[in-house]
Each structure stands twice: as structure tokens, then as C-alpha cells.
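Next come the chains, spelled out residue by residue.
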Amino acid sequence: MRSLGGADRRYSDPAPRRDPAPSRLAFRIERLWLTPMFRVALRVGVPFVLAASVAGGYLADDERRASLQQSLADLRRSVEERPEFMVRLMAIDGASEPVAKAIRGMLPVTLPASSFHIDLGALRAAIAQIDAVAGAELHIRKGGVLQVTVTEREPVILWRQAAGLEMLDAGGHRVATLLDRTARPDLPVIAGEGADALVGEAMAILAAAGPVGDRIRGLVRMGERRWDIVLDRDQRILLPETDPVTAVQRVIALDQAEDLLGRDVVVVDMRDDRRPTIRLAAGEGEKLTIMNTEVTGQ
Amino acid sequence: MTDLYQSQRAMRNMRRAAMQRGVVAVLDVGSSKIACLVLQFDGTEDIREDGLGSLAGQSQFRVIGAATTRSRGVRFGEVDAMAETERAIRTAVQAAQKMAQTRVDHVIACFSGARPRSYGLAGEIELHDGQVSEQDVARVLAACDVPDFGVGREVLHAHPVNFAIDHRSGLGDPRGHVGNKLAADMHLLTIDTTAVQNLLHCIKRCDLEIAGLASSSYVSGLSSLVEDEQELGAACIDMGGGATGLSIFIKKHMIFADSVRLGGDHVTSDISKGLQVPLTTAERIKTIHGGVHATGMDDREMIEIGSDCGDWEKDRRQVSRTELIGIMRPRVEEILEEIRALLDAAGFDQLPSQQIVLTGGASQIPGLDMLAARILGQNVRLGRPLRVQGLPQAATGAAFASTVGLCLFAAHPQDEWWDFEIPAERYPARSLRRAMKWFKDNW
């Protein structure tokens, strides 16, 4: 006997057609999904929060954090200490022996060391701090050699101070201290406060005074304004504040014409540019007479 | 009435908010289909070489989503079954949203039923300071004597149609004119409150905000009548499924609107009854073989009616096309006669130009224009809606006249009563002024 249910099912109406309309809930969800802010929040915010919480949960443990740091440091060191990056030698070019020794002492690490640990910029700045060094070039050559090329300062003049003699370069920068004047007899001497700032002018004056160069003992900066040329036999040439080189040339011209400096003159005063004034070294009477004449002459 | 005035104002604000957001949906709740378009307003109109805007200046928006669904629960253009209608609206809106890939919150709706009725209003005021100001316009609109249109009716449209100053009439914008007397003519369209409330409730249930309401016959006139027809006078007949709307335009203003509660669905049901076939079959036969003019050829053209009852004799029935036309024609004639009566009542024969434009889904019956010319007058043409940017090809037919018109309505709504300022006397500020007066009097 066949079940009636089967027959019923066969002849009953097919299932009522599904309504194509979305339910209220589906409609609302779709509208929510089409809201731009919501979409952004879901597509960016949720993965971000998930990733952050997973990472935070993992790192919450001290031990794990320490081991992670350790492994990172190991990885870093293994890369840094590869033989390609090691510096074994330091080659210094263009430096005298004491300067080279000082530069070697400045290297902050003991060789061999990884090139990652050598800060070339800082080292270069430190080397440039040495007075005797005008400039330095550093680079790490192939084969693990730290090449230092140094340009030293050239001393052109000596500056006498109360403390002693300093060697200065053409820019007036200190090069080194000289203990003994006779060690560098080729360099002229200047003295006085602020003389180092005007090395160039001093050199020009000395060049202009070339014809009497063997008699010059040095230049003295007077009151940080003007120069005196000190000759042997205690003679002095007082130069004006402005345009001292021309004044020197006039003195030289006078000397060559009249043999001025060969005579018994103590001071040649060129401060007044209209006329040179000289002071004679003589007996007192004669000196007075000249003074009187000078006074009466005025 | 102030209540509706306020709610219309609120709708206008809502529309402005929607424009700012840039996306608004239009919803045409018809008896045969519910169409939803999603419009995107970008405001940037690409300038062409000849300096003209494209699409008659309607290119500031584009349609980015379109969906149509078979209407359920709507009869005669009114909501008949609330839950069904709500579901149908939801279907259409969801599909359009899906196509647009955006969410729509504001919707502008139109419907054809709810027994629209037209009133012509006139108002007149004395001008205080000679020149017409915004306040004067508001006052003259407020001075229009509103007819007693009965309880349970509300104003849907209130267009100021004409302004007159002293004896100069036909002014579009009276502001700044000088005169002594300002008069205004206003066209008022009222509808049944319950019908519109049902519709609003359905839309609210879909989590949508109403940004505007329009009468279907008005908006299909906007989209189907070309500019000179609107200017010179024309009637637009929107033959829908459950109702046939009529709107008369002159000087670019609607001056009359009405609807007949007959439409294409009645033709279908006649065929269904006459040929004893289901409604869906009747609809198919109507759209494929329908017509209103029988010729000798139609006697020989046999239509397979078909059926699925299992009786061979019944399933193999055939009718000639003449028979089908014989069923359809009286009903179409009846609809047109009703329209004719409405046109006569409206005084359409007084207009300078008496162009009649047939549009809507039912206007696609072959031969309808000839039949309409016989009943309505000689100047009859079939109208299709304006083209708007981005509209799918499937939605460009005559059946979408009111949908497209609603787009135009959304883009450029005509100034209505509630778009003007509230006259100062009606402000609640009056009570403040009274309080001030009381203070002055007593101290």
C-alpha cells in the first residue's frame, strides 16, 4: 500500500515562490555595508585590531620579548661581523709622525672592527680638531683598510706671546707650539695682542720690507691697531693704521735713497702720512737743539 | 494646513541636505511597476566646444543606479497593501543601491493616485512702499483665498503661476517692480491625506527620509513635454497601469492636473476575462499582439493563447488579432473619453496651442495616437521622456516618463508656496512683539 503522503506531495502545489524582496534585516545590513565609513572600519580597522591584539598578546611575556631582542641583536651582529665589512688596517697619508700618532690614538675602536661601528663623520671631525691638521679625508678602502688622507697646516709665521712661541699658518690658525726659536730660523716673528688675526697683513708688510729683511727682528702689533717693525740696533719703524704697506715702501725708498736706516735713527715714525718723522739717537745737547729747532720750527 | 506647509518646508531642507551629500534616490510608485533611480549630483558640468550645456542643462546629475520591480500592493496608484508595497519598495531601492554601490538615505517619491484635484487661487494686496519686496511676495501668496477643499485633503503642489502689478500681468518674478497693487495667481493641487500618509509610512519603514513628494502627472509632464509645448500650452496624458494622469501646462507652469482611475491594468483584466486566460498571459498577449485599429490582415493573424490546464482543447485555443483588438479598443476608448471629459472641464479648448502628448506605459499600444486623435483632437503625439545622463537603455521608454520627470524635479524643483518667506505677520515673533507692547503699556 502506498502512503498517502507521497501522493499528496506529488499533487500538492509546488512550494510558493520565494518573495524576491529582501527582509527588513537583510535590507538594513546591506545599507550598513554600503555605508562608506562602516566599510572602511571593517576593512581596515578590524584586521588592524586583530593584528595588534595578536602581537600584543605575544609580546606581553617578558621572556619572549627578551629572546626576540636577543635574536634580533644576534642577527644584526652576524651581518655586521661578516669579513666583507671588517676594517683591519688604518693607513694615514700626508701627516707627520706626531700627528699620525695622535690620529691613531683618536680611533674609538680597536682594529679589527666592523665598519658599521666606525663613524667616519665623527672621526673626521675629531681629526679636524687637531691644530696641525687643515683637513682630512676618510674612506674605507677595499680590503678592509681605513684610509685617512691628511692635509697639514703649513706654518708661515711665529707669534711670540708671554707663554712662548706659537707657529701660525697663513690664516692665523695655530699650528703648534715652538719651544726653541732657533728650531725655525726661517720664519719671521710677530708679537702683540691680536697679531694672529692679521697674519696676512703682517706677511704683506714683511714682503714689502724685503730689502731690509735681514735686519728685521720682527713685527709688533701695537694696541691692536697698527704695526711696528722692529729692526736690529733697536730701530723701530712705526706704521700707520691704514695702508701700512705703502708706508713701508716709502721707508724702503727713503732708505735706498738716503740710507735712512743706516744712520743713527731710533724711530722712523710713519703714522702721519704727510711726512715721516724720525728720532735721532744722540747726546743730550744735540737732542735738545733739535727739539728746540723742531719746536721753533712749529 | 500650516502643518503640511511646515512638512513641505522640512522636505525642502531635506532635499538640500541630500544635494549636499550628492546622492538622492527617486522613487516612482506606480500600479504596475516601482522604479527607483539613484542620482548623483556632482555639480560639475563639462563645458562643450559650443559653450552649451548638454542635455538641456540637465547634466549636473547622473543616474548611477536604476532598478525596477513589479509592483505589488499598489492599485490605482495608491497603496493598497502596506506590507506588500513596503517590500516592493525595499526590493527596488536595494537593487538600485547595489547598482550604485552607495547608500541612499533621501528619496523623492511620486505617485499617480490619491485623487488629485486642481484649484486656481487668486490673491491681491496693496503695496506699502511701492516696490515689491520678498515679504510682499510672501504676503500676496498668503492673501490667496484658499478654497474649502474639505477634510482629509492636503496640498501637494502650490505653484505661483502668475504675478500681476496694477494692470501689468504675466510677470514671472515681481520682486523690485514698482506699483500699488500686487496680485498673484496660484495653482493648488490637493490629494487625499490618507493615501499619501500610507505611502509615506511605507517609505519610512524602509529607513528612508522623504526629500520631496510630487504628483506623477506633473512630473511626467515635466519630462515629456518639450520646452515650447510647455510654453504655448499642452496637455500631458500619462497612461499608467492603474491610473491615467492628466496635466496641462502653459507658460512653463502646470495649471491643471487630474487623474482617471483607469489604466493599462484594466485593459489586461478585460483581455483576461474575455479570453479566459490568466492575468500574466493576458499581459503578455497585450504587449506582444495588442492594438486598437483592426485591419483585414488582423483577421488572418491568429494568436496562440495557450494555457496550462491539461485540457488539450483549451490549451490549443487561438484567437484572431481582430478579436483581441475588439476587446482592447472599448476600454482604451473609455479611458480617452474620460480624459476628454477632464480636458473639457478644465477648459483646455481655450488654450492657444492644444498639443496633446501621450506618454506612460499604456501609450505604447500600436495605433493609440490615431485613436486619441479621433477622440481628443488633432494635435496628438506620443511622447518619450527626456534623456538624462547615465539612464540605462531599458529605462528610457515611455513607461519611465514620470521617473525621469522626477529626476528633473529633484534637480530643478519649481518654486512652490513653501519656498518663499513666511510673511512676518505669521511668525511667532508676533507674540514677542505683543509682549513688548504689553511691557510698554504697563511701565
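Shown above is the structure to which this text applies.
A few points on the structure. Note that the coordinates shown come from a computational prediction; the quantities given were computed from them, not determined experimentally.

This part covers the overall build of chain B. When helices and strands are counted, chain B shows 14 helices and 18 strands. Scored against the burial criterion, the 443 residues of chain B give a buried share of 55%. Pairs at least 24 residues apart make up 70% of the contacts formed inside chain B by residues separated by at least 6 positions. Element-wise, carbon and sulfur atoms account for 50% of the exposed surface of chain B, whose accessible area totals about 20,200 Å².

Let us now look at the overall build of chain A. Of regular secondary structure, chain A possesses nine helices and 14 strands. Nonlocal contacts in chain A, meaning residues at least 24 apart in sequence, comprise 44% of its contacts between residues at least 6 apart. Summed over all atoms, the accessible surface of chain A reaches about 19,500 Å², with 57% contributed by carbon and sulfur.

With that settled, consider the sheet that holds strand E6 (residues 106-111) of chain B. All names here are of chain B. Pairing is mixed in the open sheet, where five strands are placed in the order E3-E2-E1-E6-E11. Strands at the two margins of the open sheet, each flanked by one partner only, are strand E3 (61-70) and strand E11 (209-215). Across this sheet, the average inter-strand angle for adjacent strands is 20°, counted without regard to direction. By the bridge criterion, six bridges tie E6 to E11 in an arrangement that is parallel. Pairing of Ile108 across the sheet is with Gly212, part of E11. On top of the sheet, helix H4 (residues 193-205) reaches strand E1 (23-29), E6 and E11; it is set at about 145° to E11, its chief contact. The strands touched by helix H5 (residues 216-224) within the sheet are E6 and E11, with E11 carrying the most contacts at an inclination of about 80°.

Right, let's talk about helix H12 (residues 368-376) of chain B for a bit. Those residues of H12(B) not exposed but buried are Leu368(B), Leu371(B), Ala372(B), Ala373(B), Ile375(B) and Leu376(B). Among the residues trailing H12(B), Gly377(B) stands out with phi positive, at a value near 140°.

Here we come to the interface of chain B and chain A. Accessible area lost upon the coming together of the parts serves often as the stated size of an interface. Across the contact, 18 residues belong to chain B and 15 residues belong to chain A. Summed over both partners, the interface of chain B with chain A buries about 1,500 Å², with 44% contributed by carbon and sulfur atoms. By the criterion of area lost to chain A, the three top residues of chain B are Arg90(B), Gln94(B) and Arg103(B), representing 41% of everything that side buries. Along the contact surface separating chain B from chain A lie three salt bridges. Between Arg31(A) and Asp105(B) there is a salt bridge whose closest N-O contact spans 2.7 Å. The interface formed by chain B and chain A holds ten residue pairs in polar contact (both at pLDDT 80 or more) in total. Looking at which element gives the most residues to the side of chain B that touches chain A, the answer is helix H2 (residues 82-100) of chain B, with eight residues.

Turning to the layout of surface pockets, a few remarks are in order. Residues and elements named next belong to chain B. When its volume is computed, the largest pocket comes out at roughly 980 Å³. Residue lining of the largest pocket: 42 residues in total, with Ser32, Gly241, Asp265, Glu283 and Lys286 positioned closest to the centre. Counting only elements with at least two residues in the lining of the largest pocket, the list comes to E1, E6, H5, strand E12 (234-239), helix H7 (264-275), helix H8 (279-289) and helix H13 (401-411). Looking at the lining of the largest pocket element by element, the count peaks at five residues for H8. Across the lining of the largest pocket, the residue classes tally to 13 nonpolar, 22 polar and seven charged.

The next point concerns the packing of H2(B) against H4(B). All names here are of chain B. As a packed pair, H2 and H4 sit with axes 9 Å apart at the nearest point and diverge in direction by 50°. The pairing of H2 with H4 is recorded here as oblique in orientation. Considering the relative orientation of H2 and H4, their crossing is right-handed. Taking contact as the criterion, the partners of Met82, Thr85, Glu86 and Ile89 in H2 are, on H4, Asn198, His201, Cys202, Ile203 and Arg205. Among the residues forming the contact of H2 with H4, the class breakdown is four nonpolar, three polar and two charged.

A few words on the nonpolar core. Note on soluble globular proteins: their nonpolar side chains tend to be buried together. Ranked by internal contacts, the top residues of the largest apolar core, which has 72 residues, are Leu27(B), Leu39(B), Ile203(B) and Leu213(B). If you look at the next biggest cluster of nonpolar residues, it comprises 40 residues, including Ile237(B), Ala282(B), Ile339(B) and Leu358(B).

Residue and element names in this part refer to chain B. Enumeration according to the criterion identifies two cavities of 30 Å³ or more in this entry. In this structure, the largest cavity occupies an estimated 60 Å³ of space. Counting only elements with at least two residues in the lining of the largest cavity, the list comes to helix H1 (2-21) and E11. Here the residues of the lining of the largest cavity are counted per class, giving six nonpolar, two polar and two charged. A volume near 40 Å³ is recorded for the second largest cavity. Along the walls of the second largest cavity sit Val29, Val74, Gly77, Glu78, Val79, Phe111, Ala195 and Leu199, which together make up its complete lining. A class-by-class count of the residues in the lining of the second largest cavity yields six nonpolar, one polar and one charged.

Looking now at the packing of aromatic side chains. This model, assessed by the stated rule, comprises seven aromatic pairs over all chains. Aromatic pair Phe41(B) and Phe61(B): ring centres 5.6 Å apart, planes at 45°, arrangement tilted. Of this pair, Phe41(B) sits in strand E2 (residues 33-41) while Phe61(B) sits in strand E3, and the two are 20 residues apart along the sequence. We note that Phe41(B), like Phe61(B), is buried. Consider the rings of Trp438(B) and Phe439(B), whose centres lie 5.6 Å apart with planes at 90°: the pair is edge-to-face. Judged by its relative accessible area of 51%, Trp438(B) is exposed. Through a chain of ring-to-ring contacts, the aromatic side chains of Tyr218(B), Phe249(B) and Phe409(B) assemble into a single cluster. Here the basic side chain of Arg221(A) rests over the ring of Trp227(A), its NZ or CZ set 5.1 Å away from the ring centre. Taking the ring centre of Phe400(B) as reference, the NZ or CZ of Lys33(B) above it sits at 4.7 Å.

Our next topic: the sheet that holds strand E8 (residues 174-178) of chain A. One key point about sheets: their strands pair by backbone hydrogen bonds, in either a parallel or an antiparallel sense. Residue and element names in this part refer to chain A. Spatial ordering of the open sheet is given by E8-E7-E6-E9-E10-E11-E12-E13-E14, a layout of nine strands whose pairing is mixed. Lying at the two open borders of the sheet, with one neighbouring strand each, are E8 and strand E14 (277-280). Here the strands of the sheet are splayed against their neighbours by 25° on average, with no regard to which way each runs. Of the pairings in the sheet, the one linking strand E12 (residues 236-238) to strand E13 (residues 265-269) comprises three bridges and is parallel in character. Bridge pairing in E13 places Ile237 opposite Val268. Together, strand E6 (157-160), strand E7 (165-168), strand E9 (189-191), strand E10 (216-222) and strand E11 (226-231) form the strand contacts of helix H7 (residues 199-208), whose direction differs from that of E10 by roughly 140°.

Residues and elements named next belong to chain B. Look at Phe76: it is not a glycine, yet its phi comes out positive at around 55°. In this structure, Phe76 sits in the loop between strand E4 (74-75) and strand E5 (78-79). According to the relative accessible area criterion, Phe76 is partly exposed, its value standing at 22%.

Cut-off values and rules
- Residues numbered from 1 in each chain as written.
- Chains lettered and ligands numbered in written order.
- Predicted model: local features only at pLDDT ≥ 70, side-chain atom pairs only at ≥ 80, totals over all residues.
- Heavy atoms only, no water.
- Helix = DSSP H or I, 4+ residues; strand = E, 2+ residues; numbered from the N terminus.
- Buried < 20%, exposed > 50% of the residue type's maximum accessible area, 1.4 Å probe, protein only.
- Contact = heavy atoms within 4.5 Å.
- Areas by Shrake-Rupley, 256 points an atom, 1.4 Å probe, with all protein chains shown as cover.
- Pairing = 2+ DSSP bridges.
- Axes fitted to C-alpha atoms, helices over the stretch in contact; angles between N-to-C directions.
- Buried area = accessible area lost by both parts, 1.4 Å probe.
- Salt bridge = Lys/Arg side-chain N within 4 Å of Asp/Glu carboxyl O.
- Polar contact = N/O pair within 3.5 Å; in protein donor to acceptor, adjacent residues only side chain to side chain.
- 1 Å grid on protein atoms, 1.4 Å probe; cavity = no way out; pocket = protein on both sides within 12 Å on 5 of 7 lines; lining within 4 Å.
- Points joined across faces, edges and corners; volume = space filled by probe spheres on them.
- Nonpolar A, V, L, I, M, F, W, Y, C, P; charged D, E, K, R; others polar.
- Parallel < 35°, antiparallel > 145°, perpendicular 65-115°, else oblique.
- Left-handed = near helix turned anticlockwise from the far one by under 90°.
- Core = buried A, V, L, I, M, F, W, Y, C linked by side-chain atoms within 4.5 Å.
- Phe/Tyr/Trp six-rings, centres within 6.5 Å; stacked < 30°, edge-to-face > 60°.
- Lys NZ or Arg CZ within 6 Å of the ring centre and 35° of its normal.

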